[in-house]
Amino acid sequence: MKTLGLDIGTTTISAVVYQTTGGVIASRTVKNGTFLLGEPWEKMQDPALIYDRALESVKALLQEHPDIAAIGLTGQMHGIVYLDKDGNTVSPLYIWQDGRGDLPYNDSESWAQHLSRMTGYALATGYGMVTHAYNLHHKLVPESAATFCTIHDYVAMKLAGRTTPLIDPTDAASFGLYDGPKGCFDREALKKAGIGEEMIPPIMETPCLGTGALGVPVYAGIGDNQASFLGATGGRTDVLLVNVGTGSQISVYSPTYLQTETLETRPFPDGGWLLVGASLCGGRSYALLENFFQETVKMVTGEAVSAYDGMARLLDQQPAPEDIPTINTTFQGTRKDPSRKGSIEHLDIHNFTPVHLIHGFMHGMADELFAMYRGYLTKGGLSPAAMIGSGNGLRKNSHLCQIFETTFGCPLLLSQNNEEAACGAAIYAAKHQK
């Protein structure tokens, strides 16, 4: 059986054709490229253009593979777009990077901090409920808006021929103020945040949303983190997933609900939980170091030359040093504390060298994620059978892979799927399309 998986990402829109007996057999990726101008702190995209580009990819793959049996979707979580009663968009898509939640609520708190204190839920800027609460207070919600949803829920709704969105718990939880164990939004928390229930999108009861004009069953969108886990692991749940890209993230499945201070507990499709820890800088830390080297070369020679090849050559030619400096890679803060800074410690006259810094940065990236993972283990989480790696940060750096193996004490296998999220959406659709 063939299914199509569609991933509405921030920078790209990816679609794959997945065959249950052979994995991904076709793919198509196009640039999202729909950012809209606004205030410096605003991050918005055009939902109508996103839909047009997604539909074009879906039609192209359906033409090449007319025997596709179902369509699954995923995409960037947390963000919201407002819809009217007929299912038309009446606002931009406020994406997960939108910064209105970091704007001051008063002299001592940001909007996200204020809402977190009022509701008792850990909320961050970009979360749908933070965006919605801010918009309500500042009268930015369109008068014709009847509901809101994620961008992939909107696309799924349109493809299924519906006029109202239905959301999976994985997306509902990404908005914030969602009571995971009870499987619903927390009414008291919504009241404390000043949010009425009338615009809250309903949670789907069955995965299949319907069959639209394309004549193919469409399944409810699922969160991109959960979809990436499914895609990277091939549907396995007994593994630890480590992703290093622009950011970095660890994800581990638990059949029972666990709550830790270092990981976020998210619903998993069809039951269970995914515990997730995310570094905001992650792989960008390595890019920051490369830029430092590049700027140094430019200062000396006047030429701008990429330092990545030189860094790789240095790692290959010199053994890992023992006196590595301690580097904290929170250069962009954390979700809980956006103001937190990175740091470099324990430098001396012997280890202030490029190779020491490169190893220090890589260890810092692994240590930051392991500190989050330790919280899962201390709460009784089961050690995974294997560790799966994904993202170009690991695919292009075997030395970083080795450091993750040493730090986590577990062999690391690279995922065989490059488009993990789209693949995961296809796997989800295939599971339900019997």
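Look above for the structure.
The rules behind these values
- Residues numbered from 1 in each chain as written.
- Predicted model: local features only at pLDDT ≥ 70, side-chain atom pairs only at ≥ 80, totals over all residues.
- Heavy atoms only, no water.
- Helix = DSSP H or I, 4+ residues; strand = E, 2+ residues; numbered from the N terminus.
- Buried < 20%, exposed > 50% of the residue type's maximum accessible area, 1.4 Å probe, protein only.
- Contact = heavy atoms within 4.5 Å.
- Pairing = 2+ DSSP bridges.
- Polar contact = N/O pair within 3.5 Å; in protein donor to acceptor, adjacent residues only side chain to side chain.
- Patch = residues over 30% accessible without salt bridge, like charges linked within 9 Å, V, L, I, M, F, W, Y side chains within 5 Å.
- Areas by Shrake-Rupley, 256 points an atom, 1.4 Å probe, with all protein chains shown as cover.
- Salt bridge = Lys/Arg side-chain N within 4 Å of Asp/Glu carboxyl O.

Draft legend 1. Highlighting the environment of Tyr428. Inspection of the secondary structure assignment puts Tyr428 in helix α13 (residues 420–432). Taking relative accessible area as the criterion, Tyr428 reaches 2% and is therefore assigned buried. Note: C-alpha distance between Tyr428 and Met372 (56 residues apart in sequence) is 27 Å. Apart from the residues lying within four places of it in its own chain, the contact partners of Tyr428 are Asp168, Met204, Pro207, Tyr219, Ala220, Ile222, Leu230, Pro269 and Asp270.

Draft legend 2. A look at the pairing of strand β7 (residues 80–83). A two-sided burial pattern is seen for β7, the buried positions comprising Ile80 and Tyr82 on one face and Val81 and Leu83 on the other. One ladder, built from 3 bridges, connects β7 with strand β8 (residues 89–94); its direction is antiparallel. Pairing of Leu83 across the sheet is with Thr89, part of β8. In sequence, β7 turns back onto β8 through a hairpin of 5 residues, with Gly87 there showing a positive phi of about 85 degrees.

Draft legend 3. How the structure looks around the environment of Asn106. With respect to the secondary-structure elements, Asn106 resides in the loop between β8 and α2 (111–119). Within the structure, Asn106 has its side chain in polar contact with the backbone nitrogen of Ser108 (distance 2.9 Å). A distance of 2.7 Å separates a polar side-chain atom of Asn106 from the backbone nitrogen of Glu109.

Draft legend 4. View of a nonpolar patch on the surface. Where nonpolar side chains cluster on the molecular surface, the patch consists of Ile344, Leu347 and Phe352 and spans about 290 Å² of accessible area. With respect to the helices, strands and loops of the structure, Phe352 is situated in the loop between β20 (343–345) and α10 (354–378). Assessed through its relative accessible area of 58%, Phe352 is described here as exposed.

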